[in-house]
Amino acid sequence: MSDHAATAKTGGGALFTPFNIIAGVIVLIGLGLTVMRFTGGLAAVTNLTDYNPWGIWIAFDLLCGVALAAGGYTTSAACYIFGLKRYHGAVRPAILTAFLGYSLVVFALHYDVGRPWRLPFPIFLQQGTTSILFEVGLCVFIYLTVLFVEFLPVALEWQGWPRLRNLLVKLTMALTILGVILSTMHQSSLGALFLIAPSKLHPLWYSAYLPLFFFVSSIFAGLSMVIFEGSLSHRWLHHKMDQGHLDASVQVVLGFAKAASLVMFGYLILKVFGLAMDNRWHYLLTGYGVWFLVEILGFVALPCYLYALGAREKNLTLIRRTSVLAVLGIVVNRFNICLVAFNWQLSAADRYFPSLGEIGVSVFVVTVGLIAFKFITTRMPVFHEHPDYPDHH
Amino acid sequence: MNRRTFLGLLGAAGVSLGASSASHAASAADVKGLPDSGAVLFDATRCIGCRKCEEACNAVNELPKPAAPFSDLKVLDTARRTSDAAFTVVNTYHPAGAQAPVFRKIQCNHCLEPACASACFVKAFQKNESGAVSYDASVCVGCRYCMIACPFNIPTYEYNEALAPRVRKCTFCEPRLKEGKLPACVEACPKEALVFGKRREIIHIARARIMDNPGKYQDHIYGEHEMGGTAWMTISAAPFRELGMREDLGVETAGSYTAGALSAVPVVVGMWPVLLGGIYAVSKRKERIAEEEKREAVAEAIARASAEAEAKLSDELGKAEVANKRRIEVEVKKALEAAAQSQTSGEDKQ
């Protein structure tokens, strides 16, 4: 009952809220771009060329999308495997974010690949097992299924299907471990994708450690995203949260900030190892070196320090602001590897810059995610416990 | 062990695997330069930039006719690359110290172990015995990872095609090879700058030209070993980098760069469940022990408290008893004294 009242308050009643108007305009633009893409080909919407076959639909929608959806496996692993029960309140929002994130990654890929209806081919028709992309595809496909099953109890509680819901909840542990395995593999494989092109990626970013960099950075990306997403939800969906969730969220912010800071510190050390192993120090004095340092110092070392400071002083505002910086840092890193430092030896005329159409589709994809997130959290027991299942802890 | 040390260990495992790259040895042993596969030698000292090869390629592959005719040699003034409308292009270079411009023909090099084939997640690319690296458009999803992977920037894409875009590249004229014909560009070359043969013979020819003309050529056959070796090879008077060719590609096959990461997969699949299960068991056990200890402590505290209370009570009771006794004694004494006193006073009165 209270759900229906809240729905009416948040949008069901007033159709022309600022959120709905802006989202509606973006969706309309997105639909227009969709028509252009599938009638005029990739050239009608993108700036992609033969030199630059991958643009922001890969750099942002795929690489950043998957990294920022890592909150699902980090949070559920912390809660269920490492036994940190006090983070339980963060699991459902994180699983939902991850499920939507991966769904959107797959959705966005339908724009990028030439013949999206063939996306099942590598899995069911002919397996290119030597390809890192095969590993990515297979893992993302299975993990999306896992996330769906992990999320399903929420929808079943909402719809009132207790028997199936209780059966699925029993699978939590197995699904969590499976999720960590699959995430380890495809998060690292997204970095490994670029191992095959040592002649194209700038030596400061190219490293045999690339898979490790991607995996470790996905951990703090996921943690930061949980904090960031939490602060947005608190602002806009506060009324949907029960006391248990609100009490736990402070613990989540402090704990995740500390964990993210530690993982970032480890990542920094790994980065130094990477430079030292390949003896790439001299590149630091070039233009690319300055940009590399901006990425490492400004978008990893700084948030690492600020998280630690925030956790020690219990400064929630500082931590929440830092999470924005950390999330941006992931975007900067993925863009650097996929676009900025890739094809670095080509002349400026042959380099890539995204078109408005590409940006439009990416904004459209994120907006679809926001709409789905809002739809689900205002109706289903994500930020609060369902009265019939109070003890899912 | 906490999570970070654990991740560190995992990383160490992955990296050591990457360094050893088990499949690398196997790939080199299997290939041995494919001596009997088809190959082509391009001799940059013989090319005159006439674009006859481009024209023949265009006709054989039924590609769209370019705006400027193939006889228009001004096209050579701008640097070009392969595209979905041109599987081969000739570019002009001006090496330092050279009297005349040098031309170089660009097309798919048909690697012995192609990066595109290694990268393709649907096995659309295949290295054939003919020497050709063929492409099967009927399974291609269009992810364009082959284009990312190719160290020579050869594969191109039909970006203008809405529903059935293909990757496009030189086919080595495989259909013609099957009919016993030469690749169209080789046949069209008026200066024999292109020679077709078995890879072993082609390498012999290239080496002979270098030996027979001391000082004329660079002492290197580009493609003999680059990226594990290619079917199309180049010899040149000018250093290869001055013809826009990468000299830093190395001799490893493209697949060897990803072999380490791929071989880490079974490690992750095998180790994570064991380790995570172990961590789960430990955290569960810790939880249980903590629970038990708590219960025990509580029970003990209760026991101690009740024992203490009992002791105190009995103590108090004892004390109270003593006090009572004393009080009674005192009272009795008092009463007796009082009685004695009243008796004496009564006696006094009498």
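The structure this text deals with has already been given above.
Residues numbered from 1 in each chain as written. Chains lettered and ligands numbered in written order. Predicted model: local features only at pLDDT ≥ 70, side-chain atom pairs only at ≥ 80, totals over all residues. Heavy atoms only, no water.

(A) Representation of the overall build of chain A within the structure. When you go through chain A residue by residue, the secondary structure sums to 14 helices and zero strands. Against the 2.2 N^0.38 benchmark of 21 Å for 393 residues, chain A shows a C-alpha radius of gyration of 21 Å, consistent with a compact globule. Over its C-alpha atoms, taken along the principal directions, chain A stretches across nearly 65 × 55 × 40 Å. Counting the 393 residues in chain A, one finds 60% classified as buried. For chain A, restricting intrachain contacts to residue pairs at least 6 apart in sequence, the fraction spanning at least 24 positions comes to 79%. Here chain A displays about 15,700 Å² of accessible surface, and carbon together with sulfur accounts for 72% of that area. Mean positive and mean negative side-chain charge positions of chain A (24 and 18 charges, respectively) differ by 2 Å. (Helix = DSSP H or I, 4+ residues; strand = E, 2+ residues; numbered from the N terminus. Rg over C-alpha atoms; globule rule 2.2 N^0.38 Å. Buried < 20%, exposed > 50% of the residue type's maximum accessible area, 1.4 Å probe, protein only. Contact = heavy atoms within 4.5 Å. Areas by Shrake-Rupley, 256 points an atom, 1.4 Å probe, with all protein chains shown as cover. Lys, Arg positive; Asp, Glu negative; His and termini not counted. Charge placed at Lys NZ, Arg CZ, Asp CG, Glu CD.)

(B) Representation of the sheet that holds strand S9 (residues 232-235) of chain B. Residue and element names in this part refer to chain B. As summarised here, the arrangement of the three strands in space is S8-S1-S9, forming an open sheet in which the pairing is mixed. Only two strands of the sheet have a single neighbouring strand rather than two, namely strand S8 (194-198) and S9. In this sheet, adjacent strand axes meet at a mean angle of 25° when their direction is disregarded. Where strand S1 (residues 38-43) lies against S8, five bridges are found, and the strand directions are antiparallel. The residue of S8 that forms the bridge with Phe42 is Leu194. Across the sheet, helix H8 (residues 199-212) lies against S1, S8 and S9, angled at about 135° from S8, the strand it touches most. (Pairing = 2+ DSSP bridges. Axes fitted to C-alpha atoms, helices over the stretch in contact; angles between N-to-C directions.)

(C) Broad picture of the nonpolar core. Ranked by size, the top nonpolar core spans 193 residues in total, and within it Ile81, Phe194 and Leu201 of chain A together with Tyr145 of chain B carry the most contacts. Among the elements that take part in this core, helix H5 (residues 88-112) of chain A stands out by supplying 14 residues, more than any other. Excluding residues that lie within four positions of it along the chain, Tyr145 of chain B makes contacts with Trp54, Ser131, Ile132, Leu133, Ala192, Leu193, Phe194 and Ile196 of chain A together with Ala119 of chain B. One finds Leu41, Val195, Ile203 and Tyr217 of chain B within the second-largest nonpolar core, a separate group that totals eleven residues. (Core = buried A, V, L, I, M, F, W, Y, C linked by side-chain atoms within 4.5 Å.)

(D) A look at the interface of chain B and chain A. Residue-level contacts link 64 residues of chain B with 67 residues of chain A. With both chains or domains summed, chain B and chain A bury close to 5,700 Å², and 64% of this area falls on carbon and sulfur atoms. Summed over the shared surface of chain B and chain A, the result is two salt bridges. Glu287 of chain B serves as the salt-bridge partner of Lys85 of chain A, at 3.4 Å between the closest nitrogen and oxygen. Of all elements in the fold, only helix H1 (3-20), helix H4 (115-119), helix H5 (145-149), strand S6 (156-157) and helix H9 (254-349) of chain B reach the threshold of two or more residues within the side of chain B that touches chain A. (Buried area = accessible area lost by both parts, 1.4 Å probe. Salt bridge = Lys/Arg side-chain N within 4 Å of Asp/Glu carboxyl O.)

(E) Region of the structure containing H5 of chain A. For H5 of chain A, built from 25 residues, the straight-helix expectation of 36 Å at 1.5 Å per residue is met to within 8% by its first-to-last C-alpha distance of 36 Å. Counting buried positions over the 25 residues of H5 of chain A gives 21, a clear majority of the element. (Expected span 1.5 Å × (residues − 1).)

(F) Structural detail: the environment of Phe60 of chain A. All names here are of chain A. Following the sequence through the fold, Phe60 ends up in helix H3 (residues 56-68). Through-space distance from the C-alpha of Phe60 to that of Arg334 is 7.5 Å; in sequence the pair is 274 residues apart. With sequence-adjacent residues up to four places away left out, Phe60 is seen in contact with Gly65, Phe335, Ser362 and Val366.

(G) Geometry of the packing of helix H9 (residues 172-192) of chain A against helix H10 (residues 210-236) of chain A. Residue and element names in this part refer to chain A. Closest axis-to-axis distance for the H9/H10 pair is 7 Å, and the angle between their directions is 130°. Here H10 runs oblique to H9, going by the angle between their axes. Relative to H10, H9 is oriented so that their crossing is right-handed. Between H9 and H10, the contacting residues are Thr184, Gln187, Ser188, Leu190, Gly191 and Ala192 on the first element and Leu210, Pro211, Phe214, Phe215 and Ser218 on the second. (Parallel < 35°, antiparallel > 145°, perpendicular 65-115°, else oblique. Left-handed = near helix turned anticlockwise from the far one by under 90°.)

(H) Main features of the side chain of Asn128 of chain B. All names here are of chain B. In this structure, Asn128 sits in the loop between strand S4 (125-127) and strand S5 (133-135). Asn128 sits in the buried class, given a relative accessible area of 18%. Those residues within four positions of Asn128 in sequence are excluded, and the remaining contacts are Ser134 and Glu174.

(I) Broad picture of the packing of H3 of chain A against helix H13 (residues 316-340) of chain A. All names here are of chain A. Their axes nearest at 9 Å, the elements H3 and H13 cross at an angle of 140°. In this view, H3 runs oblique relative to H13, as classed from their interaxial angle. Here H3 and H13 pass one another in a crossing that is right-handed. Contacts between H3 and H13 pair Ile56, Ile58, Ala59, Phe60, Leu63, Cys64, Ala67 and Leu68 from the former with Val327, Ile330, Val331, Arg334, Phe335, Cys338 and Leu339 from the latter. Looking at side-chain class alone, the contact of H3 with H13 contains 14 nonpolar, no polar and one charged residues. (Nonpolar A, V, L, I, M, F, W, Y, C, P; charged D, E, K, R; others polar.)

(J) The arrangement of the state of the cysteines in detail. All names here are of chain B. Tallying each qualifying case throughout the model produces zero disulfides over all chains. Left unpaired, Cys150 is separated from the closest cysteine sulfur, that of Cys111, by 6.4 Å. Since its relative accessible area comes to 10%, Cys150 is described here as buried. The cysteine Cys170 is free of any disulfide, with Cys108 supplying the nearest cysteine sulfur at 5.5 Å. By relative accessible area, which is 11% here, Cys170 ends up buried. (Disulfide = S-S within 2.5 Å.)

(K) Representation of unusual backbone geometry within the structure. Residues and elements named next belong to chain B. Backbone geometry places Lys123, a non-glycine residue, at a positive phi of 50°. For Asn153, which is not a glycine, the phi torsion comes out positive at approximately 55°. Looking at where Asn153 falls in the secondary structure, it is placed in the loop between H5 and S6.

(L) Quick peek at the packing of aromatic side chains. All names here are of chain A. According to the stated counting rule, one finds 27 aromatic pairs over all chains in the structure shown. Pairing Phe220 with Tyr267 gives two aromatic rings, centres 5.2 Å apart and planes at 75°, and the pair type is edge-to-face. Within this pair, whereas Phe220 is found in helix H10, its partner Tyr267 is found in helix H11 (residues 243-278), the two being separated by 47 residues in sequence. The class for Phe220 is buried, based on a relative accessible area of 2%. Chaining the aromatic ring pairs together yields one cluster made of Phe38, Trp57, Phe107, Tyr111 and Phe364. (Phe/Tyr/Trp six-rings, centres within 6.5 Å; stacked < 30°, edge-to-face > 60°.)

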